[in-house]
Amino acid sequence: MIQYTLRRLGLMAITLFGVSVAIFVLLRIVPGNIADILFDSAGMIDPAEKQQIVKDLGLDLPLITQYTHWIGGLLHGDLGYSYVSEKPVLDEILPRIPITARLAGLALMFAICTGVPFGVISAVRQNSWLDYALRVVSLAALSMPSFWLGLLVLMAFVDWLGLLPIYDKAPATWGAAILMYCVPAASVGLRSSALIMRLTRSSMLEVLRQDYVRTARSKGLSEAAVTFTHALRNAMLPVITVIGIETAFLFGGLIVTETVFNIPGIARFLVVAISWRDYPMVQNLVMFIAIVVVSVNLIVDLAYMLVDPRIRLRT
Amino acid sequence: MTDALYYARRYPLGVIGALILIVFVLTAIFAGVVAPMDPLTTNARASLAPPSHIYWIGADMMGRDMLSRMIHGARISLAVALGATCIGSGLGAMLGLASGYLGGWFDLIVQRIAEIMQSLPLLVMALVITASLGPSLTNTIIAIAIPLIPNVARVIRANVLSLRELNYVEAARAIGMGRTRIALVHIFPNTLAPLIVLATAQLGSTILTEASLSFLGLGVPEPYPSWGRMLSESAAEYIHSAPWLVIFPGLAISMVVFGANLFGDALRDILDPRQGD
Amino acid sequence: MAPVLEVSGLSTVFHTRAGLVRAVQDVSFSVEAGETLAIVGESGCGKTMTALSLMRLIPSPPGEIVAGSVKVAGTDLLQLDEPAMRKMRGSQIAMIFQEPMTALNPLLTVGRQIAEMVSLHENVSRRAADARAVEMLRHVRIPAPERRAMEYPHQMSGGMRQRAMIAMALVCRPKVLIADEPTTALDVTIQAQVLDLIGDLRRELGTAVVLITHDLGVVAETADRMIVMYAGRKVEEGTTKELFAHPNHPYLQGLLASVPKFGAGEGTRLREIPGMVPALNNLPQGCAFAPRCSAAVAKCQEAIPPLETKRPGHAAACWMS
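Starting afresh in each chain, residues are numbered from 1 along the sequence in its written order. Throughout, the order in which chains and ligands are written sets their labels, letters from A for the former and numbers from 1 for the latter. Reporting of local features is limited, given that this is a predicted model, to residues whose pLDDT is at least 70; pairs of side-chain atoms are given and counted only at 80 or more, and all residues count toward the totals for whole chains, interfaces and linings.

**Considerations on the overall build of chain B**
Logical step 1: Numbering of helices and strands runs from the N terminus; a helix is a DSSP stretch of H or I covering at least four residues, while a strand is a stretch of E covering at least two. Of the regular secondary structure elements, chain B holds 12 helices and 0 strands.
Logical step 2: For chain B, the N- to C-terminal ordering of α and β elements is α-α-α-α-α-α-α-α-α-α-α-α.
Logical step 3: C-alpha extents for chain B along the principal axes are approximately 80 × 50 × 30 Å.
Logical step 4: Neighbour counting defines burial: a residue surrounded by 20 or more other C-beta atoms within 10 Å of its own C-beta is buried, one with 12 or fewer is exposed, and intermediate counts give partly exposed, using backbone-placed C-beta atoms. Here chain B, with 277 residues, has 50% of them falling under the buried criterion.
Logical step 5: In this description, any two residues whose backbone-derived C-beta atoms lie within 7 Å of each other are considered to be in contact. In chain B, the proportion of contacts linking residues at least 24 apart, taken out of those at least 6 apart, comes to 70%.

Written as structure tokens, this is what we have:
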């Protein structure tokens with residue numbers, strides 16, 4: 001298992017290197033750089049000033065040099081300076097991480113806590129009206145854009161409670177965070193919940209057909225024991241993988257949800273940075289996202305190994 | 001034909017999905033005829049007009065008829081979704097086929113690149129690509145198509161790998177059939193079913209991605225009316241004063257994606273029972 | 001001695017879209033303690049459905065036991081409510097299955113799965129249950145049982161898995177053991193070992209064994225008595241010796257003729273039974289075997305033959321004998 005983890009870490013490094021090259025190149029084939037934008041928006045007309053900006057930001061250096069500067073800094077924890085705010089990138093990113101992390105954690109918790117039980121119910125009561133209802137509702141949930149759902153929720157707030165919830169301050173404690181973020185978390189997590197529910201259902205149906213479930217029944221176990229000790233564990237294996245994939249997908253949902261609810265997290269910040277062509281910010285943010293995604297994938301695979309002895313004990 | 005009837009009776013939800021899609025596609029094609037007004041004509045006096053017999057589902061801030069804008073918006077949404085799905089699935093299938101069948105270093109490189117691409121969430125990658133290419137209709141299609149490639153390539157590759165071991169392929173090899181011929185005659189046709197299933201399943205998510213991009217202001221630019229941008233324009237300010245601006249574009253997106261999902265589910269059950277539940 | 005298992009008039013149907021499938025029709029038999037009864041027939045003749053009906057494990061819906069009784073030591077299982085039935089499963093009547101690979105839960109250790117049976121039916125500590133599991137594994141002649149108990153099914157060979165399965169089924173000393181094709185998935189050499197093991201444990205524990213198989217060789221070696229099933233019905237019954245020596249029903253005659261015999265001499269062709277088992281939702285009006293039977297006459301098409309005693313200890317359902 002240690003050997004496996006080490007090999008995976010090596011592959012992760014290769015992947016992240018690929019991401020860094022790709023994002024660096026992508027951002028530089030754009031026509032028009034930050035200097036142009038600053039130049040236009042500030043209404044400056046002096047070409048010498050523009051030259052100065054280009055020089056200050058290192059935009060005149062060869063691409064390879066710019067890249068090695070960035071990666072070299074990254075490895076030392078120096079992420080450079082934002083073009084826009086002129087503050088260190090790290091100072092901009094760090095305070096926003098806990099906000100998004102809490103939101104994502106809550107959303108994922110909501111998705112698992114609703115998706116798994118409903119999926120089990122739907123499978124155990126296959127073809128009942130409850131099953132049909134859950135399947136249609138989950139498909140509808142998968143069809144709604146999460147930002148629209150967020151807008152509808154806000155609308156309900158305004159119409160029924162007469163207030164617009166404010167999300168601009170970071171909550172101090174987990175308790176406060178739960179209270180504050182439960183609504184946006186549910187609206188972004190609904191999609192994942194529906195997906196997890198559908199997968200739990202189909203996986204559970206598959207497992208309930210297996211011989212070992214019949215064996216468990218032949219031992220005289222109750223339906224509840226058969227469902228939970230024998231079937232659910234096996235049914236969760238594919239669900240674990242999907243929870244990993246959903247964590248990456250969730251980030252996409254967070255981008256729009258943070259925008260809708262005006263939450264000052266890292267996901268919305270990416271859009272802001274992109275529209276400002278703030279290269280250092282964008283490339284570091286993208287790297288951060290990629291690191292989170294590949295780490296989650298690794299954790300999920302390790303969790304899978306812990307649950308499934310067929311993979312853990314493979315020689 | 002009798003087959004179609006048989007399946008239609010067995011999968012009523014799939015039929016509903018197909019009907020929803022057909023209605024939206026026809027609306028998109030005949031937008032000019034169906035729309036009661038011009039989607040771009042402004043009318044100051046009709047600004048934020050609530051739903052009435054003239055403006056069925058209200059008018060926006062500029063006094064443009066919402067219904068007409070939404071009908072024209074169907075064109076953009078469906079064009080982007082179909083375009084991106086076709087390009088993404090086509091390229092993905094080609095890569096997957098080549099990677100699975102050729103194997104070796106080619107396969108290794110394709111796998112690594114797919115891994116790199118999959119380490120970024122779909123919307124993040126689409127955002128970065130649009131930012132890099134600049135906003136236009138074509139670029140939006142490309143930005144949504146590219147993130148689809150690795151997923152399709154992986155599924156098709158896995159499919160090819162399992163097909164390669166099948167007896168009839170072994171037999172074809174044993175009688176001396178060439179590699180290219182085996183790939184075209186025996187392997188490619190058998191990957192079509194999963195490919196169609198996968199592409200249909202992705203139709204819904206491409207529509208949603210386009211809507212998200214446009215909502216964030218990085219999708220299809222003016223003057224095309226797009227559902228996602230209609231939502232972002234009206235988002236915060238008019239939630240209370242003109243809720244129809246928020247409700248209807250979102251409803252249109254949800255409906256068409258719901259139709260695509262229903263249809264995709266039924267298609268999966270029919271064409272590829274192993275993937276289904 | 002009174003039989004431990006008494007089945008009478010058992011009928012099981014499946015309500016399907018293609019119509020009512022009569023999987024088991026009016027099947028009766030009894031087994032005494034320490035005796036082995038074989039149920040023989042081609043696949044699709046209702047053997048496994050009979051076995052699952054005895055355990056009341058017919059998936060329902062669509063399946064339903066519509067008539068009959070299944071008495072284990074005098075208690076009619078079909079009259080019990082579900083909680084009472086659960087107490088019977090495993091402790092009074094246990095079952096082993098064809099595929100030892102898929103019949104064991106891949107995520108739980110073998111020891112745990114056996115101990116689960118003990119904890120369920122006997123009021124013992126978890127530790128004691130685990131110890132019983134190890135002891136039972138030793139009993140089924142698995143070497144190093146302490147270590148094997150900690151292993152997962154995928155770490156064992158097919159024969160060992162089937163032995164673990166047997167250990168699980170017998171750990172609570174049930175009165176009846178149903179073995180559904182227990183050796184079909186195993187290598188021939190392992191088959192003999194597993195059959196010997198079942199035989200030894202049967203004698204030792206006095207278990208009544210219902211052995212379901214399509215393999216007449218296995219029947220000849222292990223069964224005291226046998227019943228032959230065709231299209232959901234019992235068509236012949238008697239001691240194994242008697243039935244092999246004087247097969248009465250053309251179906252059994254056909255089955256026996258299709259088994260190669262050592263020393264039959266070159267040039268002797270094996271005979272097969274023409275045709276296929278009829279669909280159980282569309283049975284002929286008369287004898288279900290008539291369409292495949294070379295001896296069939298008009299009467300066979302018209303009415304189902306009753307089961308009659310043809311010789312001492314030998315009954316068959318055939319108009320022509």
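So much for the structure itself; the text now carries on.
**A few points about the interface of chain B and chain A**
Logical step 1: Contacts between the two partners involve 35 residues from chain B and, on the opposite side, 42 residues from chain A.
Logical step 2: Breaking the side of chain B that touches chain A down by element, the ones donating at least two residues are α5 (104–118), α6 (122–133), α10 (179–215), α11 (227–241) and α12 (244–271) of chain B.
Logical step 3: Asp, Glu, Lys and Arg are counted as charged, while Ala, Val, Leu, Ile, Met, Phe, Trp, Tyr, Cys and Pro are counted as nonpolar; the rest, among them Gly, fall into the polar class. Here the residues of the side of chain B that touches chain A sort into 23 nonpolar, 9 polar and 3 charged.

**Thoughts on the sheet that holds strand β1 (residues 5–16) of chain C**
Logical step 1: Taken in spatial order, the 4 strands make up an open sheet running β2-β1-β4-β5 (chain C), and their pairing is antiparallel. Of all strands in the sheet, those bounded by a partner on one side alone are β2 (19–31) and β5 (75–76) of chain C. The pairing criterion for strands is at least two bridges between them, as found by DSSP.

**Looking at the interface of chain C and chain A**
Logical step 1: With 24 residues of chain C at the interface, the matching set in chain A holds 18 residues.
Logical step 2: For the side of chain C that touches chain A, the secondary-structure elements that each account for two or more residues are α2 (82–88), β6 (93–96) and α3 (110–121) of chain C.
Logical step 3: With 4 residues, the single largest contributor to the side of chain C that touches chain A is α3 of chain C.
Logical step 4: Partitioned by chemical class, the residues of the side of chain C that touches chain A number 12 nonpolar, 7 polar and 5 charged.

**Section: the sheet that holds strand β9 (residues 225–230) of chain C**
All names here are of chain C.
Logical step 1: Strand order in the open sheet made by the 8 strands is β6-β7-β8-β3-β9-β10-β12-β11, with mixed pairing throughout. What marks the edges here is a single partner per strand, and that holds for β6 and β11 (308–311). Between one strand and the next, the sheet's axes are offset by a mean angle of 20 degrees, whatever the strand orientation.
Logical step 2: In terms of strand pairing, β6 meets strand β7 (residues 176–180) through 4 bridges, oriented parallel. Residue pairing in the sheet places Met 95 in a bridge with Ile 178 of β7.
Logical step 3: Axes here refer to lines fitted to C-alpha atoms; in helices the fit is confined to the stretch in contact. Angles between the N-to-C directions go from 0 to 180 degrees. Of the strands in this sheet, β3 (36–40), β6, β7, β8 (208–213) and β9 touch helix α1 (residues 47–55), which is tilted by about 150 degrees from β7.

**Topic: unusual backbone geometry**
All names here are of chain C.
Logical step 1: One non-glycine residue, Arg 141, adopts positive backbone phi at about 65 degrees.
Logical step 2: Mapped onto the secondary structure, Arg 141 falls in the loop between α4 (126–139) and α5 (145–149).
Logical step 3: The residue Glu 181 is not glycine, and still its phi comes out positive at about 45 degrees.
Logical step 4: Tracing the backbone shows Glu 181 in the loop between β7 and α7 (188–205).

**Some words on the confidence of the model for chain B**
Logical step 1: Chain-level pLDDT for chain B is 83 on average; 95% of the residues reach the 70-or-more range.
Logical step 2: The quantity known as pLDDT measures the predictor's confidence residue by residue, on a range of 0 to 100. Per-element confidence in chain B is highest for helix α7 (residues 137–145) of chain B, whose mean pLDDT is 91, and lowest for α11 of chain B, whose mean pLDDT is 73.

**Re the environment of Arg 225 of chain C**
Residue and element names in this part refer to chain C.
Logical step 1: Structurally, the position occupied by Arg 225 is in strand β9.
Logical step 2: Take Arg 225: there are 21 C-beta atoms within 10 Å of it, and that puts it in the buried class.
Logical step 3: For the pair Arg 225 and Glu 242, spaced 17 residues apart in sequence, the C-alpha to C-alpha distance is 8.9 Å.
Logical step 4: Leave out the neighbours within four places in its chain, and Arg 225 touches Leu 37, Gly 238, Thr 239 and Thr 240.

**Quick look at helix α4 (residues 63–75) of chain A**
Logical step 1: Expected helix span is taken as 1.5 Å per residue step, with the number of steps being one fewer than the number of residues. With 13 residues, α4 of chain A extends 18 Å from end C-alpha to end C-alpha; this agrees with the ideal 18 Å at 1.5 Å per step.
Logical step 2: Gly 77 of chain A occupies a position one or two residues after α4 of chain A and carries a positive phi of about 80 degrees.

**Comments concerning the packing of helix α8 (residues 146–161) of chain A against helix α11 (residues 223–261) of chain A**
All names here are of chain A.
Logical step 1: Where α8 meets α11, the closest approach of the two axes is 8 Å, and the angle between their N-to-C directions is 25 degrees. If you check the angle between α8 and α11, you find them roughly parallel. Two packed elements cross with a definite hand, and for α8 against α11 that hand is right-handed. Between α8 and α11, the contacting residues are Ser 146, Phe 147, Gly 150 and Leu 151 on the first element and Gly 253, Val 256, Thr 257, Val 260 and Phe 261 on the second.
Logical step 2: Looking at the contact of α8 with α11, its residues break down into 5 nonpolar, 4 polar and no charged. In what follows, roughly perpendicular refers to angles from 65 to 115 degrees, roughly parallel to angles under 35, roughly antiparallel to angles over 145, and oblique to any angle outside these ranges. Whether a crossing is left-handed or right-handed is set by the direction in which the near helix is turned from the far one by less than a right angle, anticlockwise for left-handed and clockwise for right-handed.

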